[in-house]
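Next come the chains, spelled out residue by residue.
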Amino acid sequence: MARHGGPLGSPSPRKRKDRADAAQTPGKSGTPGRGAGALAGSPMQGSPGAGPSTAPAASVETWQRCCGVLREAVVDAGSAAAALVPLRPSLRRTKDDLVRVLDEAVTSTNGNAALLVLGPQGTGKTLVVERALQEVCARHNGALSASLSLSAAAAAAAAAAAAAASTTAAVLDAPSTSATAAGNASAASVAASVRNVGVVRLNGLLQPDERTAFQEVARQLCRDFGQRFVKSASFDENLVFLKGMLHALYKCLKKVVFVVDEFQQYAKKGKQQMLYYLLDMLQDSKIQAAVIGISAAHNVAEDLEKRVLSRVGRRRVIVTFPARDEDVLTGAAPGGSSPGGSAAARSPGGSNTTATAAGGAATAATDSYEGLLRDMLALHPGMAALALGQGQGQGAASAAAEEHNAALLAALHSPRVKEDVARLEAIGSPPQHLALVAEAALAAWGADLAAAEAAAAGTRAAAAVPLGASHLLTGLRGVVHAPERALVEAVSGLPVLALVLLVAAHRLQRKGQPMCNFEMVWDEYRSIQGQRGAITFTKEAAAAAWQSLPLCGLAHYSDAHLETRGRDLSYAGVVLLLGSSELDAGLREHPHCPDAVTRFHMQEI
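Residues numbered from 1 in each chain as written. Predicted model: local features only at pLDDT ≥ 70, side-chain atom pairs only at ≥ 80, totals over all residues. Heavy atoms only, no water.

Chemist: For the packing of aromatic side chains, give the residues involved together with the corresponding values.
Modeler: Summed over the entire model, instances satisfying the criterion amount to eight aromatic pairs. The ring of Tyr276 has Arg307 lying over it, and the distance from NZ or CZ to the ring centre is 4.1 Å. (Phe/Tyr/Trp six-rings, centres within 6.5 Å; stacked < 30°, edge-to-face > 60°. Lys NZ or Arg CZ within 6 Å of the ring centre and 35° of its normal.)

Here's what the structure looks like:
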């Protein structure tokens, strides 16, 4: 029968002595590439005490290196450059709350935690969770835990290995498990001595069923804690191995954090076995772990069974969009909190919520769309040195950062750039779209730098081309103006039934109804049912087609938390996101638009 290696092995006295000598060697612990002051200070300021720079203007080669580092930070969230980019204030507060919850789960003897991180797509849910995990792992992972001496760790590892091996052998009826654990003793003890917090990541789209999910859990645990992974292990074997592994890690004072992305995919399953088995392990007093679910569906808790919901609890973290200008002026929360409510988001059934991405007027100015775009394109402390290398000196790096940030600030204050950024706020673009703007702007800047270098025939005296408003406008053009064409294509691809309802809703808008619901649209459609050539369909089919319009991006519900509150969608207010020009162009380009729909649209109000 296939099985994984023993959870932990017992090191020999000679190996324990060698590890003790190695642990006393300085300079081998800590996380490389993470300076203590990397995230400190304002992104638009130089290092304190640097004074005015007298270095010459940056060359084309310098700007090319800086452009490469900035593109790496935007494209690769796990790169060293991306780690130097600070979070926006709302996400920073959310990260601090997550770190506090995870610290409590890691340090306390019975601090198991389960929470859900909810929010629209592209708002930074996965980013804030990964930043919190990086901080927790950097704080607790090292050569040895500060609260556990070497001898105590070795003794605990030996006891845990013996207990886990006996448990696995008893359940699987595999007498050779102890021998397997002894064979993996060296790798397991070394891995266990440097890793006190392990992270297991699952995705509901990549591991859609229970078997593949627990197989991936076993693979990541074996990788992190130095065990032998057997791919042919069955579901029951992986489940028994997971329990034995968590029991052994508990005795060694080691913890595991499970991150379940696309949480709603597992909630759609009939029995929800993966979620139940994983969350049920947190009820064991001999297991210390935490489960973080990430989902873009606000009503995911309503799809959970009672046995799963009782184990998830009521702790929620809500991540919202950046603050808009009117939110800054009125001091409202970025996501729109309830009247009289605090900055903390409250879950539908309780008040035990952890945090939200809400902020007041004092800090919302930097949490705006313009501030977020500035953070993506600015050279933060440490990024210029990373681009130029250590041989250039701190003065040259600081001068390059100051010059770039000054040019970026001037470009963001350009009237055309501010107008396009305001349009992004108006259409409710997620921060993920701003990342596309930054990537396109950096690509345009890189192309200009390459052209300047070619024009100078490779000489270092080529004219420097700093990041300017033209590059930002190039990036904004692809995101701000592309939705207009996307709306036309969405209209031209609608089914005929949805097209009729869209025309009826637009007629209500022309009558002075900026917001409508399905019942109002249905009454407007019935006004033409008696006409010759009118399309006939049932009300049930029309209701299903009406709900597809928000999914196509042609409309949106006036209440962002409508589904969470359980209201009937037939009476929910809907606001159209297209105008007369987009609808006219979509009707003309529709391949099967009936003449009755065109007459209905052109009919006088």
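Chemist: Outline the pairing of strand S1 (residues 113–118), supporting the account with residue identities and numerical values.
Modeler: Of all six residues making up S1, six are buried, and the element is well covered by its neighbours. Side chains Ala113, Leu115 and Val117 of S1 all project onto a buried face; the interleaved residues Ala114, Leu116 and Leu118 project onto the opposite face, where all are buried too. The sheet contact formed by S1 and strand S4 (residues 289–295) spans six bridges and is parallel. Directly across from Leu116, in S4, lies its bridge partner Gly293. (Buried < 20%, exposed > 50% of the residue type's maximum accessible area, 1.4 Å probe, protein only. Helix = DSSP H or I, 4+ residues; strand = E, 2+ residues; numbered from the N terminus. Pairing = 2+ DSSP bridges.)

Chemist: Lay out the pattern of salt bridges with the relevant residues and their values.
Modeler: Scanning all chains against the criterion turns up 15 salt bridges. Of the charged contacts in the structure, one is a salt bridge between Asp280 and Arg311, with a shortest N-O distance of 3.0 Å. Of the two residues, Asp280 is situated in helix H12 (residues 273–280) and Arg311 in helix H13 (residues 306–312); the sequence distance between them amounts to 31 residues. For the salt bridge of Arg507 with Glu524, the shortest nitrogen-to-oxygen distance reads 2.9 Å. Pair noted here: Arg507 is in helix H23 (residues 496–510) and Glu524 is in helix H24 (residues 518–526), with a separation of 17 residues, a long-range link. Judged by its relative accessible area of 4%, Arg507 falls in the buried class. Through salt bridges with shared partners, a single network forms among Lys95, Asp96, Asp103, Glu135 and Arg139. (Salt bridge = Lys/Arg side-chain N within 4 Å of Asp/Glu carboxyl O.)

Chemist: Please give an account of unusual backbone geometry that cites residues and values.
Modeler: What you tend to see is this: most non-glycine residues have negative phi, and most peptide bonds are trans. Backbone geometry places Glu262, a non-glycine residue, at a positive phi of 55°. Relative accessible area serves as the criterion here: at 24%, Glu262 is assigned to the partly exposed category. One non-glycine residue, Gln272, lies in positive phi territory at about 55°. Within the secondary structure layout, Gln272 lies in the loop between helix H11 (263–267) and H12.

Chemist: So what about the pairing of strand S3 (residues 255–261)? Which residues, and what values?
Modeler: Summarising burial for S3: seven of the seven residues are buried, a large majority. Sheet topology note: the strand S2 (residues 197–203)/S3 ladder contains seven bridges and is parallel. Bridge assignment links Gly198 to a residue of S3, and that residue is Val256. One ladder, built from five bridges, connects S3 with S4; its direction is parallel. Within the sheet, the bridge partner assigned to Phe258 lies in S4 and is Val291.

Chemist: Please give an account of the environment of Lys539 that cites residues and values.
Modeler: Locating Lys539 in the fold gives a position in helix H25 (residues 539–546). Placed 17 residues apart in sequence, Lys539 and Trp522 show a C-alpha to C-alpha distance of 7.7 Å.

Chemist: Please set out the nonpolar core residue by residue, giving values where relevant.
Modeler: Counting 47 residues, the largest nonpolar core has Leu377, Met383, Leu424, Trp445 and Leu472 as its most contacted members. Elements represented by at least two residues in this core include exactly helix H2 (60–75), helix H3 (80–83), helix H16 (369–377), helix H17 (383–388), helix H18 (394–412), helix H19 (415–427), helix H20 (431–455) and helix H21 (469–480). Summarising the domain contributions, this core has at least three residues from each of domain 1 (74–149 + 194–320) and domain 2 (367–482). Non-local contacts of Leu472, meaning those with residues more than four positions away in its chain, are made with Leu377, Leu408, Ala411, Leu412, Val417 and Ala441. Residues Leu118, Leu202, Phe214 and Leu304 belong to the second largest nonpolar core, which totals 40 residues. (Core = buried A, V, L, I, M, F, W, Y, C linked by side-chain atoms within 4.5 Å. Domains from an automatic or database assignment. Contact = heavy atoms within 4.5 Å.)

Chemist: Residues and numbers for the confidence of the model for the protein, please.
Modeler: It should be kept in mind that the predicted coordinates are not to be read in detail where pLDDT is low. Looking at the protein, pLDDT values average 74 and 69% of them are 70 or higher. Confidence drops under pLDDT 50 across residues 22–56; counting only partners more than four residues distant or on other chains, this segment forms 28 contacts. A low-confidence stretch, residues 143–193 stays under pLDDT 50, and its non-local contacts, those more than four residues away or across chains, total 79 contacts. (pLDDT = per-residue confidence, 0-100.)

Chemist: Let's hear about H25: which residues, and what values?
Modeler: Each turn of an α-helix holds 3.6 residues, which means side chains three or four residues apart point in the same direction. Considered for burial, the residues of H25 that qualify are Ala542, Ala543, Ala545 and Trp546. Taken end-on, H25 shows its buried residues confined to a sector of 165°, consistent with a single buried face. Structural note: H25 exposes Glu540 and Ala544 on the side pointing more than 90 degrees away from its buried face. Among the structural elements, H23, H24, helix H26 (548–551) and strand S8 (574–576) are those in contact with the buried residues of H25. (Arc of directions from axis to C-beta.)

Chemist: If you had to explain the packing of H16 against H20 to someone new, which residues and values would you point to?
Modeler: For the pair H16 and H20, the least separation of the axes is 10 Å and the interaxial angle reads 45°. Comparing their axes, H20 and H16 come out oblique. Judged by the sense of rotation from one axis to the other, the crossing of H16 with H20 is right-handed. Residue-level inspection shows Tyr369, Leu372, Leu373, Met376 and Leu377 of H16 in contact with H20, the latter providing Pro431, Leu434, Ala435, Val437, Ala438 and Leu442. (Axes fitted to C-alpha atoms, helices over the stretch in contact; angles between N-to-C directions. Parallel < 35°, antiparallel > 145°, perpendicular 65-115°, else oblique. Left-handed = near helix turned anticlockwise from the far one by under 90°.)

Chemist: Which residues make up the side chain of Asn203, and what values go with them?
Modeler: With respect to the secondary-structure elements, Asn203 resides in strand S2. Residue class for Asn203 comes out buried when judged on its relative accessible area of 16%. Contact partners of Asn203, with chain neighbours within four places excluded, come to Asp261, Glu262 and Tyr266.

Chemist: Describe the environment of Phe263, and please don't skip the residues or the numbers.
Modeler: The residue Phe263 is located in helix H11 in this model. Exposure remark for Phe263: the relative accessible area of 2% places this residue in the buried category. A C-alpha to C-alpha distance of 9.1 Å links Phe263 and Leu202, two positions 61 residues apart in sequence. Residue contacts for Phe263: discarding those within four places in its chain leaves Leu116, Leu275, Gly293, Ile294, Ser295, Val300 and Leu304.

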